[in-house]
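Fold and geometry: a report
Residue-level listing of the chains:
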Amino acid sequence: MAAPANPLLWRIGLVGYGEVGRILAEDLRDQGLRVLACDVKLGGAQEAPLREHAAQLGVTLVASHAELAADADLIVSAVTASQAVAVAQACAPAMRQGSFFLDFNSASPGAKIRAAGLIDGAGGHYVEGAVMTSVPPYRIRVPLLLGGPSAVALAPALNELGFAVRVASERLGVASATKMCRSVMIKGLEAMVIESFTAARAYGVEDAVLASLHETFPGIDWEKQASYFFQRVIEHGRRRAEEVREVAQTVREAGLTPWSADGTAGRQAWMADLADAGVFGERGGKGFARSADWRTEADRILAHVGSNNKA
């Protein structure tokens, strides 16, 4: 059965019910749209918050990708970068003919092309999406680049649903390359700030470093930016590390050695390990990743590193 001509009558399937998935669910349900979702945490020890959120919104949770794909006019895949192709593979056999698959994931152009082959080969319409900044401040209206042969067809419907999209190219990989090359800088800057500021704190020279940075880059509020970077990496370092590994793959696909991206992925994963170990407090607790002063988190890192060295 073909999708209704009016996008506001579509059934939207969300693969991944993490931070991004829940934000999209909230904004889509506010418009009265029918939303269903699936997530690997369902059926496990971490499913309770997901079920509670879905119940409050009226989102239907389903047990499998196939069940979701069979009932959705538009599938939005918002999972970790390493699972982008796997999700397309899981959804493809059950997709309704002519339905759309919007890939929100931060994956390399090569991964997006492989995912597109699976979806289009099953009779669906694959559209790559490149999210160009952090989702929470913008919510559904986060700037989104679209790519692929079906991007032009899907763009008006997405804008009607409240998204803020622009078609980058009808050639697959262009939108993702834009996102990935940007991430070399953005995710790299996060890692560099954490490394630089924490080391400066250890030596007691953070004020001098901040003063020098402000003189060189007066347009950046380094205190505020550093605190934000620490917060986001502490909370989402694992997902960021996966994304930057895809960034590194993008650089390799261009014929370059990804020295910067590989280092960034390592630092992001290291911060995730510290967060999992409780260095920054209890994950999910009220104060977790919410410190307004980066020095608090840097001191926790230094205390942890110091105790390990003494051991």
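See above for the structure.
So, here's what we can say about the structure.

Reading the values: rules and limits
- Residue positions are given per chain, counted from 1 along the sequence in the order it is written.
- For this predicted model, a pLDDT threshold of at least 70 governs which residues receive local features, and a threshold of 80 or more governs which side-chain atom pairs are given and counted, while totals over whole chains, interfaces and linings are taken from all residues.
- Side-chain measures here rest on the full set of heavy atoms in the structure, leaving out hydrogens and waters.
- We call two strands paired when DSSP finds no fewer than two bridges between them.
- Secondary structure is summarised from DSSP: a helix means a run of H or I of at least four residues, a strand means a run of E of at least two, and numbering begins at the N terminus for each.
- We call two residues contacting when some pair of their heavy atoms lies within 4.5 Å.
- Note on definitions: angles span 0 to 180 degrees between N-to-C directions of axes, and those axes are lines fitted to C-alpha atoms, for helices only across the stretch in contact.
- Each angle gets one of four labels, with under 35 degrees taken as roughly parallel, over 145 as roughly antiparallel, 65 to 115 as roughly perpendicular, and the rest as oblique.
- Handedness of each helix crossing follows the sense of rotation of the near helix against the far helix: counterclockwise by less than a right angle gives left-handed, clockwise gives right-handed.
- Amino acid classes used here: Ala, Val, Leu, Ile, Met, Phe, Trp, Tyr, Cys and Pro are nonpolar; Asp, Glu, Lys and Arg are charged; the rest, including Gly, are polar.
- Only buried residues count toward a nonpolar core, which is a set of Ala, Val, Leu, Ile, Met, Phe, Trp, Tyr and Cys residues joined through side-chain atoms within 4.5 Å.
- Relative accessibility thresholds used throughout: buried, under 20% of the residue-type maximum; exposed, over 50%; partly exposed, between the two (1.4 Å probe, protein chains only).
- Think of a salt bridge as a Lys or Arg side-chain nitrogen and an Asp or Glu carboxyl oxygen that are within 4 Å of each other.

Before going further, it helps to spend a moment on the sheet that holds strand 6 (residues 125-131). The eight strands lie next to each other as 3-2-1-4-5-6-7-8, forming an open sheet whose pairing is mixed. At either end of the open sheet lies a strand with only one pairing partner, and these are strand 3 (60-61) and strand 8 (164-169). Helix 4 (residues 84-91) rests against strand 1 (11-15), strand 4 (74-77) and strand 5 (100-103) of the sheet, and its axis sits at about 165° to strand 5. Each of strand 4, strand 5, strand 6, strand 7 (143-147) and strand 8 touches helix 7 (residues 151-160); the most contacted strand, strand 8, lies at about 170° to it.

In the contact formed by helix 8 (residues 174-203) and helix 11 (residues 259-276), the axes pass within 9 Å of each other and the chain directions differ by 60°. Overall, the two elements helix 8 and helix 11 adopt an arrangement that is oblique. Between helix 8 and helix 11 lies a crossing whose hand is left-handed. Residues Lys187, Gly188, Glu190, Ala191, Ile194 and Glu195 of helix 8 form the contact with helix 11, whose participating residues are Thr264, Arg267, Gln268 and Met271. Counted by class, the contact of helix 8 with helix 11 contains three nonpolar, three polar and four charged residues.

Core analysis: the largest hydrophobic core is formed by 37 residues, its most contacted members being Leu74, Phe104 and Phe163. Membership of the second largest hydrophobic core comes to 20 residues, among which are Ile194, Leu210, Val279 and Phe288.

Let's shift gears to the pattern of salt bridges. One pass over the full model with this rule turns up 23 salt bridges. A salt bridge links Lys179 to Glu243; the shortest N-O distance between them is 4.0 Å. Separated by 64 residues along the polypeptide, Lys179 in helix 8 and Glu243 in helix 10 (residues 222-253) bring together distant segments of the chain. The exposure classification of Lys179 matches that of Glu243, with both residues buried. Between Glu297 and Arg300 there is a salt bridge, with its nearest N and O atoms 2.9 Å apart. Here Glu297 pairs with Arg300, and both are found in helix 12 (residues 294-310), just three residues apart, close to one helical turn. The exposure class of Glu297 is buried, given its relative accessible area of 2%. Residue Arg300 is classed as partly exposed on the basis of its relative accessible area, which comes to 31%. Each of Arg11, Asp71, Asp73 and Arg96 takes part in one network of salt bridges that share partners.

By themselves, these are just geometric observations and shouldn't be taken as functional.
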